[in-house]
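Fold and geometry: a report
The primary structure of each chain is shown beneath.
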Amino acid sequence: MRRLVLATRNRGKIVELQEMLADLPLEIVGVASYPEAPEVAETGKTFRDNAYLKAKAIADFTHEMTLADDSGLEVDYLKGEPGVYSARYGEIGWNDQQRYEYLLSKLNNVPENLRKARFRSVVVVYDPGTGQSEFTEGSVEGVILTEPRGSNGFGYDPVFYFPEYQKTMAELPAVQKNALSHRGWAIQKMVPQLQKLI
Ligand code: ITT
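These notes cover the structure that comes with them. (Residues numbered from 1 in each chain as written. Predicted model: local features only at pLDDT ≥ 70, side-chain atom pairs only at ≥ 80, totals over all residues. Heavy atoms only, no water.)

Turning next to the overall build of the protein chain. Assigned secondary structure in the protein chain consists of five helices and seven strands. Written out in order from the N terminus, the α and β elements of the protein chain read β-α-β-α-β-α-β-β-β-β-α-α. For 198 residues, the compact-globule estimate of 2.2 N^0.38 gives 16 Å, and the protein chain sits close to it at 17 Å. Projected onto its principal axes, the C-alpha coordinates of the protein chain cover approximately 55 × 30 × 25 Å. Residue burial in the protein chain is summarised as follows: out of 198 residues, 47% are buried. Surface exposure of the protein chain reaches about 10100 Å², of which carbon and sulfur atoms provide 49%. (Helix = DSSP H or I, 4+ residues; strand = E, 2+ residues; numbered from the N terminus. Rg over C-alpha atoms; globule rule 2.2 N^0.38 Å. Buried < 20%, exposed > 50% of the residue type's maximum accessible area, 1.4 Å probe, protein only. Areas by Shrake-Rupley, 256 points an atom, 1.4 Å probe, with all protein chains shown as cover.)

Attention shifts here to the site of the ligand. With respect to spatial proximity, 20 residues lie near the ligand, and among them Thr8, Lys54, Asp157, Lys177 and Arg183 are the closest. Within the side chain of Lys54, a nitrogen or oxygen atom sits 2.8 Å from an oxygen atom of the ligand. A distance of 2.6 Å separates a nitrogen atom of the ligand from a polar side-chain atom of Asp157. Protein chains bury 90% of the 600 Å² of accessible surface belonging to the ligand in isolation. (Near = heavy atom within 4 Å. Polar contact = N/O pair within 3.5 Å; in protein donor to acceptor, adjacent residues only side chain to side chain.)

Right, let's talk about the packing of aromatic side chains for a bit. For the structure shown, the criterion picks out seven aromatic pairs. Each ring, one from Tyr52 and one from Tyr126, has its centre 5.9 Å from the other, and the planes form 85 degrees; the classification is edge-to-face. With Tyr52 in helix H2 (residues 47-62) and Tyr126 in strand S4 (residues 116-127), this pair connects stretches of sequence that are 74 residues apart. Among the aromatic residues, those joined into a ring-pair cluster are Phe119, Phe160, Phe162 and Tyr165. Looking at Arg48, its charged tip hangs above the ring of Phe135, at a distance of 3.7 Å from the centre. (Phe/Tyr/Trp six-rings, centres within 6.5 Å; stacked < 30°, edge-to-face > 60°. Lys NZ or Arg CZ within 6 Å of the ring centre and 35° of its normal.)

The buried count for strand S2 (residues 26-30) comes to four of five residues, which makes it a mostly enclosed element. Following the chain from strand S1 (residues 2-6) across helix H1 (residues 11-21) to the adjacent parallel S2, one finds a crossover that is right-handed. (Right-handed = clockwise from strand over helix to strand, strands pointing away.)

Moving on: the sheet that holds strand S3 (residues 65-75). One open sheet accounts for seven strands, arranged S2-S1-S3-S4-S5-S6-S7; its pairing is mixed. Single-partner strands in this sheet number two, and they are S2 and strand S7 (167-168). For strand S5 (residues 132-144) and strand S6 (residues 160-162), the ladder comprises two bridges, and the chain directions are antiparallel. Residue pairing across strands places Val143 opposite Tyr161, the latter belonging to S6. (Pairing = 2+ DSSP bridges.)

Next up on the list: H2. An ideal rise of 1.5 Å per residue puts 22 Å on 16 residues; H2 measures up with 23 Å between its terminal C-alpha atoms. Within H2 the residues assigned to the buried category are Phe47, Asn50, Ala51, Lys54, Ala55, Ile58, Ala59 and Thr62. End-on view of H2: buried residues confined to an arc of 155 degrees, all on one side of the axis. Just downstream of H2, His63 is the residue with a positive phi angle, here 60 degrees. (Expected span 1.5 Å × (residues − 1). Arc of directions from axis to C-beta.)

Sheet topology places S1 next to S2; five bridges connect them, and they run parallel. Pairing of Leu4 across the sheet is with Ile28, part of S2. Both S1 and S3 contribute to a ladder of three bridges, which runs parallel. Note on S3: the bridge partner recorded for Leu6 is Leu67.

Below, the structure is given as C-alpha cells:
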C-alpha cells in the first residue's frame, strides 16, 4: 500500500485528516513517525505558499508522497486577520483558548452584523517521485460569537458560529464538522486526485 505522510504537527488536524482519508487504500502516517524531520518555517504570505513549503520540505526528507494543509480564520472586521497568522496570533506560547480570547477582545462591542468570518484551507499533495503537486481549497462562512460555546474540534472552533445550524464548529460532532468544514471541502476535492496517484 502506498504511504501518505501528513505534514502537520497539529493534533486536531491529524485526527480530522485521518478520519477524512480513512477509506482510501493508503498507509497514512503523521510526520511524528519521522522524529528527525525538519520544522518547517511558514514564511509564505498565502495559505497556498505555506502549504507547499510544508509538503515539499517533508517529502524531500521522507521521499514519500506528502499531504499538507495550511488554514486559518479570516475576520472581515479585522481586514482578514488573523489569516495566515492564525496559529501564531497574539503571543508566542499561547494556547488555543488564549488566542480566541484575544480575538474576542479585538471584537469587543462590535455588533453581530459586522462579525462575519470564514475558515479557509489549502491542501496540497506533493509527490517527490514526479515533483508534481495538486492543490485544492475549501472555505466556510460564519460569524464570530462574543463567548465560546462547545468543546469539540480545536483552534477557533468554539467562537465560530454557523447561523444555519445554530451551533458553533465546536458544538458539531466530528463527523458533521468534517462534512462541512473548510478542510473537509478541500479534502473532498483532493480525494479524486489521490485516487489517481495511488
Ligand atoms: P501545521 O502547520 O503543523 O499543520 P498549524 O496549527 O501551525 O499546524 P496552520 O499554520 O495551517 O497550522 O495554522 C492553522 C491555524 O488556523 C490553526 O492553528 C488554528 O488556529 C486555525 N484553524 C485552522 N483550521 C481550524 C479549524 O478547523 N478549527 C479551528 N481553528 C482552525
